[in-house]
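Residue-level listing of the chains:
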Amino acid sequence: MTTGQKQRMIQEYVPGKQVTMAHILPNPQGGLHERLGIGGDGALGIMTITPSEAAIIAADAAVKAGNIEIGFVDRFTGSLVLTGNVADVEAAVRAAVNTLVNILGFSAAEVTRS
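Under an unreviewed UniProt entry, the protein has the name Ethanolamine utilization protein EutS and belongs to Sporomusa malonica. According to its UniProt record, the protein has this under Subcellular location (unreviewed entry): "Bacterial microcompartment".

Here it is in structure tokens:
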């Protein structure tokens, strides 16, 4: 170690390919749809994905799997919110997760429901 020299350290965020959350709210309460700024009053499916651009792929797979609406998709944060009836939202979330895992090699958290 030399005296008087500063050590330079570079840190980067390198996200893995993963679905960090896939959750279904069958019967959201308290005006949650309105507070999220999305229409409807059905179930909500919520996902977070890295890398964040994969939210676009997940949204496409979800729409193809069920009669749902995309409430929100953000390619910068990897957030995806789906709305519709409970069965369609659950099918859409599971299809999105399966697409990312089976086609793109993502790891995924368990699909949960509350």
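Visitor: What should I look at first to understand the packing of helix α2 (residues 54-65) against helix α3 (residues 86-102) in this one?
Guide: Packed helices, taken two at a time, are described by the angle between their axes plus the distance between the axes. Between α2 and α3, whose axes approach to 8 Å, the crossing angle comes to 130°. Between α2 and α3, the angle is such that the two are oblique. Note that α2 runs across α3; the crossing there is right-handed. Listed contacts from α3 to A54, I57, A58, A61, A62 and A65 of α2 are A91, A92, A95, A96, T99 and L100. For the contact of α2 with α3, the residue count by class is 11 nonpolar, one polar and no charged.

Conventions adopted
Residues numbered from 1 in each chain as written. Predicted model: local features only at pLDDT ≥ 70, side-chain atom pairs only at ≥ 80, totals over all residues. Heavy atoms only, no water. UniProt positions renumbered as here; feature names shortened; annotations may be inferred. Axes fitted to C-alpha atoms, helices over the stretch in contact; angles between N-to-C directions. Helix = DSSP H or I, 4+ residues; strand = E, 2+ residues; numbered from the N terminus. Parallel < 35°, antiparallel > 145°, perpendicular 65-115°, else oblique. Left-handed = near helix turned anticlockwise from the far one by under 90°. Contact = heavy atoms within 4.5 Å. Nonpolar A, V, L, I, M, F, W, Y, C, P; charged D, E, K, R; others polar.

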